[in-house]
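# Tertiary structure, described
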Amino acid sequence: MSEVRFCFDRKIRDAGDRKGWQKNGMSKPESLIDDNMAWQAVANRDRSFDGQFVTGVLTTGIYCRPSCAARHPKRENVRFFAKPEQAEAAGLRACLRCMPKDVARDDAAVKTVIDAIRMAETAPTLDELGVLTSYSPTHLQRIFKRAMGLSPAAYGRALRSERVKEALDGGASVTEAIYDAGYGSASRFYADNEKRLGMKASAWKNGGAGVTIQWANVETSLGMMMVAATDKGVCCLSFNEGEEELHARFPKAELRAGDDAFQELLSEVAASVEKPGDFSHIPLDVQGTAFQEAVWKQLQKIPLGETRSYADIAAAIGKPKAVRAVGSANGANNVAVLIPCHRVVRSDGSMGGYAYGLEIKERLLKKEAP
């Protein structure tokens, strides 16, 4: 089979003109991607492109996933193929490090683990999940975390917490909700969730009752910015909002003007917004469903100065068809900038929407541009 090249020839693509491909000596790929885009994905080791194409290195005779951790080859020695079979037909062999032929198998294993965790009354161990998927526990942990942004154990904890919240919202007692969700004890639930979410189940049930949130507005080059935080970390960052909007988000929490300690956090957040960089040192107190939290973790992985599409994020969390759900999770983010939902754009490169207006989104992206 001839080497498969990728292009964005819009006329051929839109018309479905197979003769155009044949005339140029090419096999028509199942998915189209520009060579430069493919090389950029390889340079970034972007896992969201795994399964969309493989990278052939002519000098070594090996083909890899785009995310392969091996040292990058020279650009002139690289060719891209739509499928592993096409790379092998060109005389290349699969990389033993990234195992590019196992993408589909890995995806199936991740789905099996998700289904097993969702159906189990008690959390399955990593060894049990390994037996179920025919993977070693260590390798299974690696591929699951790569796909979901969480380990199987963390995913299970997030899922159980989500079920508790749903039960509480439905009127169940705290004790009923905890045990029905699969926790062996109330203490186990609190140990899991005070670290992950900051708010206890009773606070969920009562709309934030018993939680104290400090807040303040600060003027920035992007306009007036509101920052709010519990004693665990920042729970809200927004633009051109105030106490009324904060109260709508946390209707029964006690809202207070920030004290001296809060002012230090406020200054740190404002400085990070003005000079974009690594935000990981700023503590957050956020809560969401397991799906939302997986999306938010992927947003935090988008490198400074880069963007991703909703489809990219959906693929990165192992849910390639959940593009609309990713958009909803993106919109449910209460902590702008620190969880950089502004770095998500439409597949055609256009800005898409933004809760605080496209002008702020464009200015944020411009600030972060290299």
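Every value quoted in this text rests on a predicted model; they were computed, and no experiment measured them. (Residues numbered from 1 in each chain as written. Predicted model: local features only at pLDDT ≥ 70, side-chain atom pairs only at ≥ 80, totals over all residues. Heavy atoms only, no water.)

### Overview of the confidence of the model for the protein
- Looking at the protein as a whole, the pLDDT averages 79, with 79% of positions reaching at least 70.
- Looking over the protein, one finds the lowest element-wise mean pLDDT in helix α1 (residues 10–15), namely 29, and the highest in strand β2 (residues 62–64), namely 95.
- Contacts from residues 1–32, a stretch scored under 50 in pLDDT, to residues over four places away or in other chains number 49 contacts. (pLDDT = per-residue confidence, 0-100. Helix = DSSP H or I, 4+ residues; strand = E, 2+ residues; numbered from the N terminus. Contact = heavy atoms within 4.5 Å.)

### A look at the sheet that holds strand β3 (residues 78–81)
- Read across the sheet, four strands follow the order β3-β1-β2-β4 without closing on themselves; strand pairing throughout is mixed. One side of each edge strand has no neighbouring strand; the edge strands of this open sheet are β3 and β4 (93–94).
- In terms of strand pairing, strand β1 (residues 54–57) meets β3 through four bridges, oriented antiparallel. By the bridge assignment, valine 57 is partnered in β3 with valine 78.
- Helix α3 (residues 35–43) contacts β1 and β3 of the sheet and is inclined by roughly 105 degrees relative to β3. (Pairing = 2+ DSSP bridges. Axes fitted to C-alpha atoms, helices over the stretch in contact; angles between N-to-C directions.)

### Observations regarding the sheet that holds strand β6 (residues 223–229)
- Across the sheet, which stays open at both edges, the four strands sit in the order β7-β6-β5-β8 with mixed pairing between neighbours. Each edge of the open sheet carries a strand with a single partner, namely β7 (234–239) and β8 (254–257). Taken pair by pair, the neighbouring strands of this sheet meet at an average axis angle of 25 degrees, ignoring direction.
- Most of the contacts of helix α13 (residues 260–274) go to β6, to which it runs at about 135 degrees, and overall it touches β5 (212–220), β6 and β7.

### Notes on the packing of aromatic side chains
- Enumeration over the complete set of coordinates arrives at five aromatic pairs.
- Here phenylalanine 53 and phenylalanine 80 contribute two aromatic rings whose centre-to-centre distance is 5.5 Å and whose plane-to-plane angle is 85 degrees, an arrangement assigned as edge-to-face. Note that phenylalanine 53 is positioned in the loop between α3 and β1 and phenylalanine 80 in strand β3, a separation of 27 residues in sequence. Of the two residues, phenylalanine 53 and phenylalanine 80, both sit in the buried class.
- A ring pair is formed by phenylalanine 239 and tyrosine 356, whose centres lie 5.9 Å apart and whose planes are at 70 degrees; its orientation type is edge-to-face. Within this pair, whereas phenylalanine 239 is found in strand β7, its partner tyrosine 356 is found in the loop between β10 (344–345) and α17 (358–368), the two being separated by 117 residues in sequence.
- On the basis of relative accessibility, which here comes to 14%, the residue tyrosine 356 falls in the buried class.
- Here the aromatic residues Phe49, Phe53 and Phe80 are joined through ring pairs into a cluster of three or more. (Phe/Tyr/Trp six-rings, centres within 6.5 Å; stacked < 30°, edge-to-face > 60°. Buried < 20%, exposed > 50% of the residue type's maximum accessible area, 1.4 Å probe, protein only.)

### Let's talk about the environment of leucine 150
- With respect to the helices and strands, leucine 150 occurs in the loop between α7 (137–148) and α8 (152–169).
- A sequence separation of 140 residues divides leucine 150 from alanine 290, and the C-alpha atoms of the two residues are 9.5 Å apart.
- If near-sequence neighbours (up to four positions away) are discounted, leucine 150 is found in contact with Phe144, Lys145, Tyr155 and Lys297.

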